Amino acid sequence: MNMSLQGRTYVVMGVANKRSIAWGIAQSLHNAGARLIFTYAAERFEKSVRDLAATLEGGEESLFYQCDVTDDENIMETFQQIQNDVGVIHGLAHCIAFANKEELKGDFLNTSRDGFLTAHNISSYSLTAVSRAVQPLMSEGGGIVTLTYLGGERVVPNYNVMGVAKASLDASVKYLAESLGKHGIRVNAISAGPIRTLSAKGVGDFNSILKDIEERAPLRRPTTQEEVGDTAYFLLSDFSRGVTGEMIHVDSGFHIIGR
Ligand code: NAD
């Protein structure tokens, strides 16, 4: 089987800057020959995304769209526009999450209703909304990948409401895999180890989470953007054609450690 993604087009959602995991995924897909479409949350991110894409060889062929995943109309319009511009899409990487900073420290018991709903709206429901919008464009089948974290499976200090939103996202991956499997579309998650990104900065005492990985994970080193990018490439390529509804941990093996 050919590992090349030449002739295929992928939507990458969630590049904010060069540290974004989405950027790691974009680079892996690009290196495999894919054509890329970027979506960003708001106009203020556009320049940074365009500048990054311009660093890729042939990056000028990339396309860019603004898409705020809290806005159903914006989502529908974005994918309608992508359909008009390119027709068929072969896969999508959903690399989007948000929770208010106040909810990412202290006691989970103090989570507010608004904070709970915001985290779930942006970090979990958005996968379902986006999957519904992209399905008509994936007429040749393909893959959807999202990013999750161990904090959805176990209690991680300070991860709080985002952990509960990730648990909801993880369950959504399975239900979406069942909904979309009949259309030849696979849906999987990568559970990434901690990586220093804009979003990660919001999690209280993130440094100690990172240090823990370096000291106790089987591989004794932090997870990189590139490692997550290459696993996304696998999940969006035909090499994973029998895999759906799955979660792959890319975390130096940290998730297997008992204590
Ligand atoms: P990041 O801050 O670079 O990316 C988060 C992205 O979400 C940003 O591009 C932001 O603009 C986007 N976003 C937020 N609200 C949005 C909205 N309403 N509409 C559209 N986009 C919106 O951080 P990241 O760490 O690369 O995060 C990407 C994904 O990886 C998230 O789901 C995150 O939970 C997950 N993840 C991160 C880590 C880590 O340690 N960094 C570990 C595991 C999983």
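Please read these numbers as outputs of a predicted model, since none were measured by experiment.

Caption draft 1: Quick look at the environment of L109. Topologically, L109 is positioned in the loop between strand 4 (91–94) and helix 4 (113–134). Given a relative accessible area of 71%, L109 falls into the exposed group. As for L109 and N31, which are separated by 78 residues in sequence, their C-alpha atoms are 45 Å apart.

Caption draft 2: Representation of the pattern of salt bridges within the structure. The tally for this structure, following the rule as stated, stands at six salt bridges. Across the salt bridge formed by D238 and R8, the nearest N and O atoms sit 2.7 Å from each other. Taken together, the residues D238 in the loop between helix 8 (225–236) and strand 7 (247–250) and R8 in the segment before strand 1 (9–13) connect sequence positions 230 residues apart.

Caption draft 3: Representation of the layout of surface pockets within the structure. Considered as a void within the structure, the largest pocket measures approximately 1,200 Å³ in volume. In this structure, the largest pocket is lined by 45 residues; those nearest its centre are C95, I96, A97, F98 and S199. Among the elements of the structure, helix 1 (21–31), strand 2 (35–40), strand 5 (142–148), helix 5 (160–181), helix 6 (198–201) and helix 7 (206–216) are those that each provide at least two residues to the lining of the largest pocket. Take the lining of the largest pocket: its biggest share by element is four residues, from helix 6. The calculated volume of the second largest pocket comes to roughly 280 Å³.

Caption draft 4: Local environment of a positive patch on the surface. The grouping of K18, R19, K101, K105, R196 and K201 at the surface amounts to a positive patch. Inspection of the secondary structure assignment puts R196 in the loop between strand 6 (185–192) and helix 6. With a relative accessible area of 41%, R196 lands in the partly exposed category.

Caption draft 5: Representation of the side chain of T9. You can see T9 is positioned in strand 1. Overall, T9 belongs to the buried group, its relative accessible area being 7%. Setting aside residues up to four positions removed in sequence, T9 forms contacts with R35, I37, V88, I89, H90 and G91.

Caption draft 6: Up close: the side chain of T146. Looking at the element boundaries, T146 is found in strand 5. In terms of polar contacts, T146 uses its side chain to reach the side chain of H94, at 2.8 Å.

Caption draft 7: Fine view of the site of the ligand. The ligand sits among 28 residues. The nearest are S20, K166, I195, T197 and S199. The separation between an oxygen atom of the ligand and a polar side-chain atom of K166 is 2.8 Å. A distance of 2.6 Å separates an oxygen atom of the ligand from a polar side-chain atom of S199. Taken by itself the ligand offers 820 Å² of open surface, and the protein chains cover 92% of this. Put simply, the ligand lies in the largest pocket. Looking at the shell around the ligand, the elements with two or more residues in it are strand 5 and helix 6. Of the residues forming the shell around the ligand, the biggest block, three residues, is contributed by helix 6. Across the shell around the ligand, the residue classes tally to 19 nonpolar, seven polar and two charged.

Caption draft 8: Molecular detail of the pairing of strand 3 (residues 63–66). As defined by bridge partners, strand 2 adjoins strand 3 across four bridges and the pair is classed as parallel. Bridging from a neighbouring strand, I37 pairs with L63 of strand 3. With respect to chirality, the unit in which strand 2 leads through helix 2 (residues 46–54) into the neighbouring parallel strand 3 is right-handed.

Parameters at a glance
- Residues numbered from 1 in each chain as written.
- Predicted model: local features only at pLDDT ≥ 70, side-chain atom pairs only at ≥ 80, totals over all residues.
- Heavy atoms only, no water.
- Helix = DSSP H or I, 4+ residues; strand = E, 2+ residues; numbered from the N terminus.
- Buried < 20%, exposed > 50% of the residue type's maximum accessible area, 1.4 Å probe, protein only.
- Salt bridge = Lys/Arg side-chain N within 4 Å of Asp/Glu carboxyl O.
- 1 Å grid on protein atoms, 1.4 Å probe; cavity = no way out; pocket = protein on both sides within 12 Å on 5 of 7 lines; lining within 4 Å.
- Points joined across faces, edges and corners; volume = space filled by probe spheres on them.
- Patch = residues over 30% accessible without salt bridge, like charges linked within 9 Å, V, L, I, M, F, W, Y side chains within 5 Å.
- Areas by Shrake-Rupley, 256 points an atom, 1.4 Å probe, with all protein chains shown as cover.
- Lys, Arg positive; Asp, Glu negative; His and termini not counted.
- Charge placed at Lys NZ, Arg CZ, Asp CG, Glu CD.
- Contact = heavy atoms within 4.5 Å.
- Polar contact = N/O pair within 3.5 Å; in protein donor to acceptor, adjacent residues only side chain to side chain.
- Near = heavy atom within 4 Å.
- Sits in = over half its atoms within 2 Å of the grid points.
- Nonpolar A, V, L, I, M, F, W, Y, C, P; charged D, E, K, R; others polar.
- Pairing = 2+ DSSP bridges.
- Right-handed = clockwise from strand over helix to strand, strands pointing away.

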